[in-house]
Every structure is written in C-alpha cells, then in structure tokens.
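Listed here are the chains, written in short residue letters.
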Amino acid sequence: MTVAEPVQLATLIVTGGAVAFALSAAVWAHRLTAGARRARVEWRRRLIAADDRAVRAESVFAAHPGLVLVWDAPPRDEASGWGEPAVHGSPAALASMVSFADLSAGAAVSGGAAAEILDGLADFDARTSGGEVTSLRVRMTALIEAGQAFSVSILSPSGRIIEADGRPAGRRLVLWLTDPAIRGLDAAGNAGGVVTEDRGAAEETLALAEALGRAPAPAWRMNAAGRLIWVNAAYSEAVETETPSAAVSEQVLLEPGLSDLAREALGGGQARTLVRGAVAKGERRILRFMVYPISGAAVGFAVDVTEGEEAKAALKRFRQAHDETLNHMAEAVAIFDRAKRLVFYNRAFASLFDLEEAFLNERPVHAALLDRLREKRRLPEQADYTEWKRAELAHYDAAPGVDQPDELWPLPDGRTLRVARQRHPLGGVLLIFEDMTDQLALQAQYNTLIKVQRATLDKLHEAVAVFSSDGRLTPLRNAAFETLWALEADRLENAPFDQVAEACADLFPDSTAWADLKARVTDPSPEARKPVTGEIRRKDGSVLTFLTRPLPDGATLIAWDDITDSRRIEAALLDRAEALEASERIKSEFVEHVSYQLRTPLTTIHGYADLLAGGFAGELNERQGEHMGAIQAASAQLGKLIDDILDIAAIDAGQLELELGDVRLGEVAASAADLIATRAEHGGVKLSIVAGGADEPIRADGTRLKQVLYNLLTNALDHVGVGGVIEIGADVQDGEARLWVADDGEGIAPDRQAKIFERFERGEGGGAGLGLALVNDIIRLHGGWVALESAPGEGARVTCHLPVAAAPDHAAPELDLPSRAGAGPSS
C-alpha cells in the first residue's frame, strides 16, 4: 500500500461522516419544527375564529338599541373630561342620544361625539330604582374613582327617558345607554312609578316655564353645551327678534358670555351672577345676569340695574369727592366703622399725631390706635387710662342724633386740641381734631389786649367811646367820657346813639351836629366813613375838639378833648408871640440903624488914626505912638464887631449868600495864620500849621472859611497865656473836609460847653460873644457841623466838619467864581 492510499481512505471516511451528520441533523430539525408548524396553524385558526367572533360582536352591538361606551382605562381627570372611550351601537341609537342631549349634527359625527353626548346627559335629573335623585355625572364619578356599578333612569325636561348602566369589567369601564323608544317598549312602564313622578315634575317645570314666558324680565334656558333651548318674549324683545323661537333658532345671545356662564353654573352646581353692559332694545343698558343649574340645564334671568349701577357710581364719586374734600381740610378727620376699625383718615390726621401711614393703612381698631397715641405721648395725661379709654370707646354706644359735647385735649407737648365727635350715618363714629393752640393763644392775647385797651382808655384824659355799626354804644369807653358829659354809667350799657345824644343835649343841644355824628357811625357809605375832626363850644363855655375814626370791624371811635385851658393859653401865647415879633423887628431895625450910624464915624476915626500913626501930621513920640496904636486896635475891634453883627443879621434874614469856588484848605489856614501872626508874636504864643492832607480842593466860600478860622484864632488867643501853642489844622479824606483850631490854654468848663456857640455868650476873656456863634452859622450854611472838645486846664479843640462840595441852597447863582482863599476878613 502506497502512502497516498491511506490519505484517500481518510478523506473518504471524513466525507462520509459529514454526509451522515448532515442527514442526521436534517432529520432532527424536521422533527423539531413540526410542533411549531402545527402551532402556527392553530394560532391562525384561532385568529380567524376571533375575527369571526369580533365581527359577530360588532353585529350584536350594532343591533343593540343603545350605545355602549368602553374605556380601556379610567379617564385621568374625570372632573374636566370624559377621555376617549370606544363607542358601539346602532346609528339609530347614536342619533337618539344626540337628539336627547340636544346636540348639533356636526357634533355627532366629530371625534368628540362621546364626550359631547355625555356632557349633554351628565346633569339631567336621574333616578335609581330606589327613587334616589342623582345625576349621571355623580354616578360616573363614583364608577371611575371606586368602581361602583350603577343603574339609573335619566329624564329630560321634555319627558324622554334614557336608561344608563355602568359596570367595571376588569381594568375596563363599560357604560350602557339605552333608549326604550328604540326597543319599542313603553318608557313609562319600563321605568315604573319613579318615571311617572318625574313626568309629573316635568309637567310642573313646563308650567313654570310658561309662567316665565310672560315675565317682564328676559329669561332663557340653555343646555349643557351652552345652546339656547328656550327664551321668553321679553328676551326676544331685548335681542330684537320677531319671535322667541327665532331667537332660539338663530342662537341670538343677549350677552356673548352667557354660554360660558351657563357651563360654569352646571359644572359647579351653583348659581352664577354677572353684571355687565349689554344692548337691550337698541339701548346700552347695565344688566345683572343670573344663571341657575336646573335639571341638567341652565336657567337664566336678566334684570336691568342701570339706574342702580348709575346710582352706585354716583355714590362712589360722591364718596370720593367727600373723602378728597376731607383730605384737604386743615382739621384732622378720622372715621371708624361699626367694628371700631379705622376706615378713613385724612393727611392732617396723620400729620397732627405724627403717625405712620403704613400703620393707619392696616385699619387698626380704635383701642389699638389710642394705645399707639399714648405710647407717642399724643393723648392727655390720665390718672386712670383704662377707665378713660373705656369712656372714650363708649361713644359707639350713644344713640344717633344725640349731641356729644366737644372736648379740649391738653397734650403733653403743650398743644391743645378740640375734639368733636358724632355718630356716622353709616355706623361707627366720626372724630374731628382741631389744633386750638394758636387760637387759644390768640384769644388770650386778645383778652389781654382788650383789658389793656380798657385800662389805657381809662388812663386817657380824652373822652373816648366806640359805637358799633348799628349805632349802639359798646363797652369800649372810658370814665372820662362819662365825666365829660355827666352821664350815668348804668344807663349807657348797649344804649343806642340817640339815647346817648339825648343825654348829652343838656350841655350841647345842637341836634344837627349830633345827627352828623350819627351818620358817621351808622352810614356804611365811603363818604360817611371818612375820618373827621371838629370843634364845638358847649353851653357851659367849655371848648371841645372831637374826632371820628372808622375801625376795621365796622365800628366807629369818637373822642372828645376839653381844650378850654389850651385855648386860653393859646391866646396868651399868641399875644406874647406878637409882642416878641414886634420886639425882634425893633431889635433888627435898631441893629441895622446903629450899625450904619456907627460905621461912618468909625471909618473916620480909623482913617485919621492911620494918618497920624503914619506921621502925616508930624513925627509922634513913643507915648503918642502907644496911644495911637490903642486907638487903631480899638477901632479895628469895633469894626469887626459891627461886621459880625451885620453878618448875623443877614443870616437871620436869610440874605447871606455864599460865594462858592475851589478852595484849598491849606492855603486858607496859612492865610488866617498870617492875619493873627503879629498879635500872637506880641503875646508870646506859638502858631503851628498842620495841613499836609489838605492839598485837594473843595467847593466852598474861601472868604467865609477864613473868617471862621480868624474868629477861632482870636478866641484861642484870648485864652492862651505866654508860651502857649495854638495849632491850625486842615485835611480832606473819605469825602469830608476838616478845619480845626486847638490850644493848650485854660479850657472850657463842662457847664459852659453847651452854650459856647450861642449868641452873646461871653467868655472869661470878654468880647461881645458873637465870634463862635458866627462860626457855627457859617459852617451850617456850608452843610457842615462844629464839634468842641475841651476840659478845664487842658485846652480846647474846635473842629469844623465840611462836605467836599458845599450845599448850593445858600450860594449865589454864580457858582463858578475863582477862589478867594487869599482874601482877608471883612473890615
């Protein structure tokens, strides 16, 4: 045997084994799948049999004189929907249920037919075999929630009957709805006596519907789907249809929301009310719609409440206006209701008591508000607060119409409040608080003022009386009035003017004058109310002045003053004034005459003295020269005195005019010093000039200012001894010019300083006493003033204060004259 033979043998063995294994597997698989093939054949047979049974069941359901509703599982939300049950039954039964539920044809063929049918039947009255009144909705809810089977008869308002049977079938729920009319049976006999009773109730319902049909207010009836099934004539008239049936067929709603309102009433099992504007009989009216669930349907009424609503709106507006008015009052107002709760407060109330609006808006009870005010110390201090609060709250129990007296509350912060209470017409209490602090203070001030006025009037020596606008005498009068007219006080109380005039007629019987005074008191015209004054002479020879003054309150004040003594003194003074005037005139004439008569011989004397002193008649010896010098000095002094007298006379007569020009006070001071330098040197007196600030010119009369300085210097020389110093000063600063002469002489006594500038006031140095008086007059003519500073033994300082521009009142018309600062004094 070759090597290849064993290999071929092995190959054959393997091949044969594989074939044998394949044949064995095929036989085994055939045997194994024979049962499955038999099972498929069996299940196919069973499925065909089940389809036959389903077809037969469908045929049976189609022959059933009602509807069968099958739920594979209970609806999730039984209150708001019926789910999607399978519907079985004949078309006739479906049409019967649609008619019974009063549904439209469209609803019957829609996908929600079962839910529509159930909604239409769910709220009709239903009776059990035991006579219990219920509804399909109630029984279905028990079946869905607890699996409770039921069997009821549903009665429609028209008298038709539907039998309903509900059963659980495992996890499924089944509801049978059967119309006995479809089965050809007698509905009344099938339902028994219970149905007979329901028919009687239906007849009563129809009778009630007939009565509602004649009601004057619109009435209607809707099914569970919100469709009109009946309306009365008033409804038809309101929606403006020809007949009630036309309103039902056309589904004309008085208000678009009536369907929703009916569904709400049926769903909740309670009446629903709606107030809304609607068009009724072609007019816009406000109607109150009321819908009630009755026997699976909804019955509604519409009442016209236009006038009532308008009255409510007007009352609301009135209350708002009333509250707004109270809110603008200055007085604090708070209103509490019957429950003693705060229902209104104005801004003044919150401000007066410093209360937070958040607290007030919580409507606290009266007792809590009092406690809060006590905490804030906004109530009067009370020894027994509990008893006081009890008495305060007792005002709620007071009978309406009983006046409650006002009270004054003195608060701890010093304020005083007036509290007024009254029962509110709507119940509760109304409180008004007024801050009387200022008013009481004013009243106290007024009373004090009246007392002060009366005391003041009594202290006056004039007779004063005040008459009111009606002519009666008021208490405002003084004792001087009674004394002056010899009146009795007890007869003057509230006496009319005529009575007062009659009592005064004994002393002054002029009826015309009294009538004129009465007109001033009682006549309200502006002409009569003007103040007047006058003078009367009484029978006893006394002279009175009177005046009338209208007062702001319409009253009139009349005052009399006895001027008899004054008239006598006035006459004496008048005589004296005339005598003084004549004396002054004589004096002026005398001064003028003497001055004129003295000037002529004085000029002659002075002239011849100068000639003799100059050696015109020959050389004079020493003794003759001294005598001639004395004559010259005396004549010069006398000439100056005459000039001063003439100047003063001119000033008194208003005839002295200033010749104004630009004047430099330093030059005036130097020129005046030159005039007096020789005399000062002979007397051993030193002159000092201080005029560094007087370079600026002023507007003045240079000659008169030099005369002022000359008079001051001569006066100073008379009071300064040997070795003394006289200072002449001048400056201009801050809009004011000053001239002064100061010395270190004996000074002036205080009792003489006030008189030193008076005329003919002679000092210890002698003289006529006119120099300083003329200084004062000239400075005043410039618009300035003179000041004196002196003390005994310390010298004197006379300062002349001048404006930089003299007043033109006393100046000559030609104001632009050159300065006369270099001229000397008058001679």
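Residues numbered from 1 in each chain as written. Predicted model: local features only at pLDDT ≥ 70, side-chain atom pairs only at ≥ 80, totals over all residues. Heavy atoms only, no water.

Undergrad: Let's hear about the packing of aromatic side chains: which residues, and what values?
TA: Per the counting criterion, the structure on display carries 15 aromatic pairs. For the pair phenylalanine 353 and phenylalanine 433, a centre-to-centre distance of 5.1 Å together with 85 degrees between the ring planes defines the contact as edge-to-face. You can see phenylalanine 353 sitting in helix H13 (residues 347-353) and its partner phenylalanine 433 sitting in strand S17 (residues 429-435), a full 80 residues away along the chain. An identical accessibility class is assigned to phenylalanine 353 and phenylalanine 433; each is buried. Among the aromatic side chains, those forming a connected cluster through ring pairs are Phe467, Phe481, Trp485, Phe497, Phe508, Trp514 and Trp560. Seen from the ring of tyrosine 385, arginine 374 lies directly overhead, with NZ or CZ sitting 4.2 Å from the centre. A cation sits over an aromatic face here: arginine 538 above tryptophan 485, 5.0 Å from the ring centre. (Phe/Tyr/Trp six-rings, centres within 6.5 Å; stacked < 30°, edge-to-face > 60°. Helix = DSSP H or I, 4+ residues; strand = E, 2+ residues; numbered from the N terminus. Buried < 20%, exposed > 50% of the residue type's maximum accessible area, 1.4 Å probe, protein only. Lys NZ or Arg CZ within 6 Å of the ring centre and 35° of its normal.)

Undergrad: Now, about the sheet that holds S17: what can you tell me, with residues and values included?
TA: Remark on secondary structure: sheet strands pair via backbone hydrogen bonds, oriented parallel or antiparallel. Taken together, the five strands give an open sheet; going across it, the order is S14-S13-S17-S16-S15, and neighbouring strands pair in antiparallel fashion. One side of each edge strand has no neighbouring strand; the edge strands of this open sheet are strand S14 (342-345) and strand S15 (407-410). When the angles between neighbouring strand axes are averaged without regard to direction, this sheet yields 25 degrees. (Pairing = 2+ DSSP bridges. Axes fitted to C-alpha atoms, helices over the stretch in contact; angles between N-to-C directions.)

Undergrad: Any details on the nonpolar core? Residues and values, ideally.
TA: Of all hydrophobic cores here, the largest spans 42 residues; its most connected members are Leu665, Leu705, Leu712, Ile726, Leu739, Ile779 and Cys800. Sorting the residues of this core by element identifies helix H23 (665-682), strand S25 (698-700), helix H24 (702-717), strand S26 (725-733), strand S27 (736-743), helix H26 (771-781) and strand S29 (796-803) as the ones contributing at least two each. Contact partners of leucine 665, with chain neighbours within four places excluded, come to Ala694, Ile698, Leu705, Ala730, Asp731, Val732, Ala737, Arg738 and Leu739. In terms of nonpolar packing, the next biggest core, distinct from the first, is built from 28 residues, Ala332, Leu342, Tyr345 and Leu379 among them. (Core = buried A, V, L, I, M, F, W, Y, C linked by side-chain atoms within 4.5 Å. Contact = heavy atoms within 4.5 Å.)

Undergrad: Give a description of helix H15 (residues 366-375) that names residues and reports values.
TA: Among the residues of H15, His366, Leu369, Leu370 and Leu373 are the ones counted as buried. Projected onto a plane normal to the axis of H15, the buried residues spread over an arc of 100 degrees and lie on a single side. At its buried positions, H15 is contacted by strand S13 (332-336), H13, helix H14 (357-361), helix H16 (385-393) and S17. Looking at the residues trailing H15, positive phi occurs at arginine 377, about 55 degrees. (Arc of directions from axis to C-beta.)

Undergrad: Now, about the sheet that holds S29: what can you tell me, with residues and values included?
TA: Pairing is mixed across the open sheet formed by five strands, whose spatial order is S24-S26-S27-S29-S28. Both outer strands of the open sheet, strand S24 (686-693) and strand S28 (785-790), are each paired with one neighbouring strand and no more. With direction set aside, neighbouring strand axes in the sheet form an average angle of 15 degrees. Relative to S29, S28 runs antiparallel, the two being bridged by six bridges. Among the inter-strand pairings, tryptophan 785 is bridged to a residue of S29, identified as histidine 801. Sitting on the sheet, H23 touches S24, S26 and S27, and the angle it makes with S24 is about 175 degrees. Sitting on the sheet, H24 touches S26, S27 and S29, and the angle it makes with S27 is about 20 degrees.

Undergrad: Explain empty space enclosed by the protein residue by residue, including any values.
TA: Taken as a whole and judged by the stated rule, the model has four cavities of 30 Å³ or more. Approximately 170 Å³ is the volume found for the largest cavity. Surrounding the largest cavity, 16 residues form its lining, Asn715, Asp743, Ile748, Ala796 and Val798 being those nearest its centre. Sorting the residues of the lining of the largest cavity by element identifies H24, S27 and S29 as the ones contributing at least two each. The element best represented in the lining of the largest cavity is H24, accounting for three residues. (1 Å grid on protein atoms, 1.4 Å probe; cavity = no way out; pocket = protein on both sides within 12 Å on 5 of 7 lines; lining within 4 Å. Points joined across faces, edges and corners; volume = space filled by probe spheres on them.)

Undergrad: Give me the lowdown on the packing of H23 against H24, citing residues and values where you can.
TA: Relative to each other, H23 and H24 sit at 35 degrees, their axes nearing to 9 Å. Handedness of the H23/H24 crossing: right-handed. Side by side, H23 and H24 meet where Leu665, Val668, Ala669, Ser671, Ala672, Ala673, Leu675, Ile676, Arg679 and Ala680 of the first sit next to Leu705, Lys706, Leu709, Tyr710, Leu713, Thr714 and Leu717 of the second. Within the contact of H23 with H24, the residues separate by chemical class into 13 nonpolar, two polar and two charged. (Left-handed = near helix turned anticlockwise from the far one by under 90°. Nonpolar A, V, L, I, M, F, W, Y, C, P; charged D, E, K, R; others polar.)

Undergrad: Explain the environment of glycine 308 residue by residue, including any values.
TA: Along the chain, glycine 308 falls in helix H12 (residues 306-327). Along the backbone, glycine 308 and isoleucine 286 are 22 residues apart, and their C-alpha atoms lie at a distance of 9.1 Å.

Undergrad: So what's going on with the packing of H15 against H16? Which residues, and what values?
TA: It is at 11 Å that the axes of H15 and H16 come closest, and there the two elements cross at 140 degrees. Judged by the inter-axis angle, H15 sits oblique to H16. The hand of the H15/H16 crossing is right-handed. Contacts from His366, Ala367, Leu370, Asp371 and Arg374 of H15 reach H16 at Tyr385, Trp388, Lys389, Glu392 and Leu393. Considered class by class, the residues forming the contact of H15 with H16 number five nonpolar, one polar and four charged. (Parallel < 35°, antiparallel > 145°, perpendicular 65-115°, else oblique.)

Undergrad: With reference to specific residues and values, describe a nonpolar patch on the surface.
TA: A surface patch of nonpolar side chains, amounting to about 380 Å² of accessible area, comprises Tyr608, Leu611 and Phe616. Under the relative-accessibility criterion, leucine 611 is labelled partly exposed at 40%. (Patch = residues over 30% accessible without salt bridge, like charges linked within 9 Å, V, L, I, M, F, W, Y side chains within 5 Å. Areas by Shrake-Rupley, 256 points an atom, 1.4 Å probe, with all protein chains shown as cover. Salt bridge = Lys/Arg side-chain N within 4 Å of Asp/Glu carboxyl O.)

Undergrad: Hey, could you go over the environment of glutamate 145 for me, with residue numbers and the actual values?
TA: By the element assignment, glutamate 145 lies in helix H5 (residues 136-146). C-alpha separation for the pair glutamate 145 and proline 75, spaced 70 residues apart in sequence, amounts to 9.6 Å.

Undergrad: Talk me through the pattern of salt bridges; I want residue IDs and the actual numbers.
TA: This structure, assessed with the given rule, holds 30 salt bridges. With a closest N to O distance of 3.6 Å, glutamate 237 and lysine 281 form a salt bridge. With glutamate 237 in helix H9 (residues 233-239) and lysine 281 in the loop between strand S10 (272-280) and strand S11 (283-294), this pair connects stretches of sequence that are 44 residues apart. Of the charged contacts in the structure, one is a salt bridge between arginine 418 and aspartate 406, with a shortest N-O distance of 2.9 Å.

Undergrad: Give a description of the confidence of the model for the protein chain that names residues and reports values.
TA: On average, the protein chain scores 80 in pLDDT, and the residues at 70 or more come to 80%. Across residues 815-827, where pLDDT falls below 50, the model places 31 contacts with residues more than four positions away in sequence or in other chains. (pLDDT = per-residue confidence, 0-100.)

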